[in-house]
There are 2 protein chains.
Amino acid sequence: MANIQEIARLAGVSTATVSRVINRHPYVSDLTRERVLNIIEQLDYVPNSNAKSLKKGMTRIIGVIAVSYSTLLMSLIRSFHTIAQKYGFNVMLFMTNGNCDKELEALEMLRSKQLDALLCLLRTNEWDVIESYTKYGPIVTWQRLVSDTIPSVFMDQYQGYMLGLEYLYAKGYRKILNVYSSKGLNTLGRIRAYEDFIQKYGLKDKGFPQFHNKMTIRDGEEVARWWIKQADKPDAISCSTDEVAAGILTELRRAGFSVPDDVGIMGFDNTDIAHLLDLTTIHYPVDKQAENAFNIIKGMLEQAVPKLHSLEFNVVERRST
Amino acid sequence: MANIQEIARLAGVSTATVSRVINRHPYVSDLTRERVLNIIEQLDYVPNSNAKSLKKGMTRIIGVIAVSYSTLLMSLIRSFHTIAQKYGFNVMLFMTNGNCDKELEALEMLRSKQLDALLCLLRTNEWDVIESYTKYGPIVTWQRLVSDTIPSVFMDQYQGYMLGLEYLYAKGYRKILNVYSSKGLNTLGRIRAYEDFIQKYGLKDKGFPQFHNKMTIRDGEEVARWWIKQADKPDAISCSTDEVAAGILTELRRAGFSVPDDVGIMGFDNTDIAHLLDLTTIHYPVDKQAENAFNIIKGMLEQAVPKLHSLEFNVVERRST
DNA sequence: TTGTAAGCGTTATCAT
DNA sequence: ATGATAACGCTTACAA
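Residues numbered from 1 in each chain as written. Chains lettered and ligands numbered in written order. Predicted model: local features only at pLDDT ≥ 70, side-chain atom pairs only at ≥ 80, totals over all residues. Heavy atoms only, no water.

Naming follows an unreviewed UniProt entry, where chain A appears as Bacterial regulatory s, lacI family protein of Paenibacillus macerans.

As structure tokens, then:
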């Protein structure tokens, strides 16, 4: 395969000049530039990335760690990929499936300089293990974490959930059922939001059961079947995810109920499915989080101060409430 | 960051010796090996992968191209990843979302030697575009393709589908409804199998409608609702995917019907959900396909003849038929 | 505007 | 069993 020396020889110039042409340096005469470009074209030459990486001390590849696939994660990854691309970085995805060793592999690749940085969406190893790798390159996370060495683009779910509850209150709903997802800091924040909410408006708890670990369409369908059977029904359901809301909505409609006439339904995340089914939901700026994550990484790589988006939740009002 | 020279200096040996220790060469005395390893440990040294890649002319990274996520693809990718790992290769995933440029990126990385090879699960660009990159490294595909330069681990769906139909016939089913997925060579093969099947057994076509583009749980639910409304019902449903079969099964049970007493249901792919719901299905050895794909790549890289698994469909009999 | 040459951190071929 | 040293293909001072 052709290399820079061969191009130089054939074009009758030095390798430095060829390098300048490739990297669009100024101070190359139009004539030589043209001649070099011609030879490059003829020989179907591409610079060897490994040589480049070795010389530059970086690969321009950023690793992204997640434990598994989900709609939300995928749109986050897509946004991250897009902005990384824009600045000439490639993205390498590590799906760990909860396997610590697979995550360690990614961390080791950071250590051995195959990766310039790591975005840790959902970790598997303990934080102190991950933290011990920060000396090899920037690591940024999406999870809730307060750390000097691992910046986070986490958003406090308390605020988002409260926003939704306030919205439902303003629309006149008073008997709200909460459907939570997996027990974690996020869910805890949401539970706290609901407690503060009923206190603030002097609402009594209606004694509805606590739905936990509900995150899929099928989970939503289950909740819907519960709702149908109740004598004293909630007048609104605030869901952990759009998927759950979607499951409830479609299952209720299938059973002949009307949304929002019989019950209001509110999703969370503003994913495609919420749009598709006209679900009111809480918009969560994952795209901006992704961009912030990238900008933080870029800032750390170039020791510059990154410009960040401010992150805010929004109610997206559609026709399910 | 420490490099091999520093280790050499500190250990009082040459870089060659350090390299030998790292790469587990024989002919290093136990004493020096120990001393070198000590220094390596102390300095937290790891060899720089870029230097290695440059020297060796390969990165030991294989790219995998797919257009989007699906259960089947994910288990294929997992198997591929596992065997690649075993031979010291890393895997870089490219989700193209049908974007030609994103796919080209992967191809370009092969060209610039950041990738040693490419497994193309689901292509986006035309085959001749992809084919033009085979000169830069091995490209193997999972799709149906007859080509000198791009080997394929494709399996003829005709056989698998026929196997399922024969099984249903043997169980006494005579009024079979087919639910196909997206129109492609695979579906065409299945349709052909069904035509040959009714001819072989002298069955008359029951005039059931043609279900096409059904591949999800929700599609299956739709089919189930169609089935419920029929006077002259099919006695078995042969599905394009386990997801569709799962949707039909659960929706029918929800409506009070019994499977397999009222109708037999057969999936395809033998994914987790088939196991979960006790669905009879056609096992499709994706793991072996993945291993074959890797072995072909490995063979091409080492110009050796790969050992391949023979690929066969199997009926996995469970309780839905 | 162009060329020379010194690295980047390894591995591998010869010597010894 | 160990050491010199020449690659691998590129970038970038520094010179001219």
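What follows picks up the thread again.
Let us look at helix α11 (residues 242-254) of chain A. Along an α-helix, residues three or four positions apart point the same way, because every turn accommodates 3.6 residues. Residue and element names in this part refer to chain A. The end-to-end C-alpha separation of α11 is 18 Å, in line with the 18 Å expected for 13 residues at 1.5 Å each. Burial analysis of α11 places eleven of its 13 residues in the buried class, the great majority of the element. Residues of α11 that are buried: Asp242, Glu243, Val244, Ala245, Ala246, Gly247, Ile248, Leu249, Thr250, Glu251 and Leu252. (Helix = DSSP H or I, 4+ residues; strand = E, 2+ residues; numbered from the N terminus. Expected span 1.5 Å × (residues − 1). Buried < 20%, exposed > 50% of the residue type's maximum accessible area, 1.4 Å probe, protein only.)

Glancing now at the packing of aromatic side chains. Residue and element names in this part refer to chain A. On inspection of all chains with the given rule, the structure shows 32 aromatic pairs over all chains. Taken together, a centroid distance of 6.0 Å and an interplanar angle of 75 degrees make the contact between Phe268 and Tyr284 edge-to-face. Residue Phe268 is located in the loop between β7 (264-266) and α12 (272-276), and its partner Tyr284 is located in the loop between β8 (281-283) and α13 (286-301); the two are separated by 16 residues in the primary sequence. Judged by its relative accessible area of 1%, Phe268 falls in the buried class. Judged by its relative accessible area of 5%, Tyr284 is buried. For the ring pair Tyr284 and Phe313, a centre distance of 5.5 Å and an interplane angle of 90 degrees mean the geometry is edge-to-face. (Phe/Tyr/Trp six-rings, centres within 6.5 Å; stacked < 30°, edge-to-face > 60°.)

What follows deals with the nonpolar core. A:Phe80, A:Leu121, A:Phe197, B:Phe80 and B:Leu121 are the most contacted members of the largest nonpolar core, which totals 99 residues. Filtering out sequence-adjacent residues up to four positions away, A:Phe197 remains in contact with A:Met162, A:Leu165, A:Glu166, A:Tyr169, A:Ile176 and A:Leu203. With 36 residues, the next largest nonpolar core counts A:Ile139, A:Ile150, B:Leu110 and B:Ile130 among its residues. (Core = buried A, V, L, I, M, F, W, Y, C linked by side-chain atoms within 4.5 Å. Contact = heavy atoms within 4.5 Å.)

Below, the discussion takes up the domain arrangement of chain A. Domain parsing of chain A yields domain 1 (4-47), domain 2 (58-155 + 287-307) and domain 3 (157-283). Computed from C-alpha atoms alone, the centre-to-centre distance between domain 1 of chain A and domain 3 of chain A is 63 Å. (Domains from an automatic or database assignment.)

For the rest of this paragraph, the subject is the UniProt feature "domain: HTH lacI-type" (unreviewed entry) in chain A. The UniProt feature table records "domain: HTH lacI-type" (unreviewed entry) at residues 2-56 of chain A. Span residues 2-56 of chain A is 69% helix and 0% strand, its end C-alpha atoms 21 Å apart. (UniProt positions renumbered as here; feature names shortened; annotations may be inferred.)

Around DNA strand D sit 26 residues in total, of which A:Ile4, A:Tyr45, B:Arg20, B:Tyr27 and B:Lys55 are the nearest. Looking at DNA strand D alone, sugar and phosphate atoms form 60% of those within 4 Å of the protein. B:Arg20 has a polar side-chain atom sitting 2.6 Å from a base oxygen of DNA strand D. Within the residue set of the surface near DNA strand D, elements represented by two or more residues are α2 (15-22) and α4 (49-56) of chain A together with α2 (15-22) and α4 (49-56) of chain B. (Near = heavy atom within 4 Å. Polar contact = N/O pair within 3.5 Å; in protein donor to acceptor, adjacent residues only side chain to side chain.)

Near DNA strand C, the surroundings consist of 27 residues, among which A:Thr17, A:Arg20, A:Tyr27, A:Lys55 and B:Ile4 are the closest. Contact distances for DNA strand C include 2.7 Å between a phosphate oxygen and a backbone N or O atom of B:Ile4. Contact distances for DNA strand C include 3.0 Å between a phosphate oxygen and a backbone N or O atom of B:Asn48. Listed by contribution, the elements that provide at least two residues to the surface near DNA strand C are α2 and α4 of chain A together with α1 (4-11), α2 and α4 of chain B. Here the surface near DNA strand C takes four residues from α2(A), the largest share from any one element. Residues of the surface near DNA strand C, tallied by class, amount to eleven nonpolar, eleven polar and five charged. (Nonpolar A, V, L, I, M, F, W, Y, C, P; charged D, E, K, R; others polar.)

One frequent convention defines the size of an interface as the accessible area lost when the parts assemble. The partner chain A presents 38 residues to the 38 residues of chain B that form the contact. Both faces considered, chain B and chain A share a buried interface measuring about 3500 Å² in area, 51% of it formed by carbon and sulfur atoms. Joining chain B to chain A, the criterion identifies six salt bridges. Salt-bridge contacts for A:Arg254 lead to B:Glu221; the nearest nitrogen and oxygen are separated by 3.6 Å. Where the side of chain B that touches chain A is concerned, the elements lending two or more residues are α4, α5 (71-86), β2 (90-95), α6 (100-111), α10 (217-229) and α11 (242-254) of chain B. Of all the elements, α4(B) adds the most residues to the side of chain B that touches chain A, at five residues. (Buried area = accessible area lost by both parts, 1.4 Å probe. Salt bridge = Lys/Arg side-chain N within 4 Å of Asp/Glu carboxyl O.)

Moving on: the sheet that holds strand β5 (residues 176-179) of chain B. Residues and elements named next belong to chain B. Taken in spatial order, the three strands of this open sheet run β5-β6-β7, and their pairing is parallel. Bordering the open sheet on either side are β5 and β7 (264-266), each of which pairs with just one other strand. Sheet twist, expressed as the mean angle between neighbouring strand axes with direction ignored, is 15 degrees. Sheet analysis places β5 next to strand β6 (residues 236-239), joined by four bridges and oriented parallel. In the sheet register, Leu177 faces β6, and the bridge partner there is Ile237. (Pairing = 2+ DSSP bridges. Axes fitted to C-alpha atoms, helices over the stretch in contact; angles between N-to-C directions.)

Residues and elements named next belong to chain A. Closest axis-to-axis distance for the helix α1 (residues 4-11)/helix α3 (residues 30-43) pair is 9 Å, and the angle between their directions is 125 degrees. By the criterion of interaxial angle, the relationship of α1 to α3 is oblique. When the axes of α1 and α3 are compared, the crossing they make is right-handed. Here Glu6, Ile7, Leu10 and Ala11 of α1 lie close against α3, whose contacting residues are Arg35, Val36, Ile39, Ile40 and Leu43. (Parallel < 35°, antiparallel > 145°, perpendicular 65-115°, else oblique. Left-handed = near helix turned anticlockwise from the far one by under 90°.)

Residues and elements named next belong to chain A. Within strand β2 (residues 90-95), six of the six residues are buried, leaving the element largely enclosed by the surrounding structure. The two faces of β2 match: Asn90, Met92 and Phe94 on one face and Val91, Leu93 and Met95 on the other face are all buried. As defined by bridge partners, strand β1 (residues 61-66) adjoins β2 across six bridges and the pair is classed as parallel. From the neighbouring strand, Val64 faces β2, where its bridge partner is Leu93.

Residue and element names in this part refer to chain B. What you see with β6 is no split at all: Ala236 and Ser238 on one side and Ile237 and Cys239 on the other are buried throughout. Two strands pair when backbone bridges link them, and β6 and β7 are joined in this way by three bridges, in the parallel orientation. When the bridges of β7 are listed, Ala236 appears paired with Gly264. Once the chain exits β6 it traverses α11 before rejoining the sheet at β7, and the crossover so formed is right-handed. (Right-handed = clockwise from strand over helix to strand, strands pointing away.)

Attention now goes to the pattern of salt bridges. All names here are of chain A. Inspection of the entire model under this criterion finds 24 salt bridges over all chains. Between Arg33 and Asp30 there is a salt bridge, with its nearest N and O atoms 3.6 Å apart. Of this pair, Arg33 and Asp30 both sit in helix α3, three residues apart, which is roughly one turn of that helix. Residue Arg33 is classed as partly exposed on the basis of its relative accessible area, which comes to 26%. Residue Lys200 pairs with Glu166 through a salt bridge whose shortest N-O separation is 2.9 Å. In this pair, Lys200 is assigned in helix α9 (residues 185-200) and Glu166 in helix α8 (residues 157-170), connecting sequence segments 34 residues apart. You can call Lys200 exposed: its relative accessible area is 53%. The class for Glu166 is partly exposed, based on a relative accessible area of 25%.

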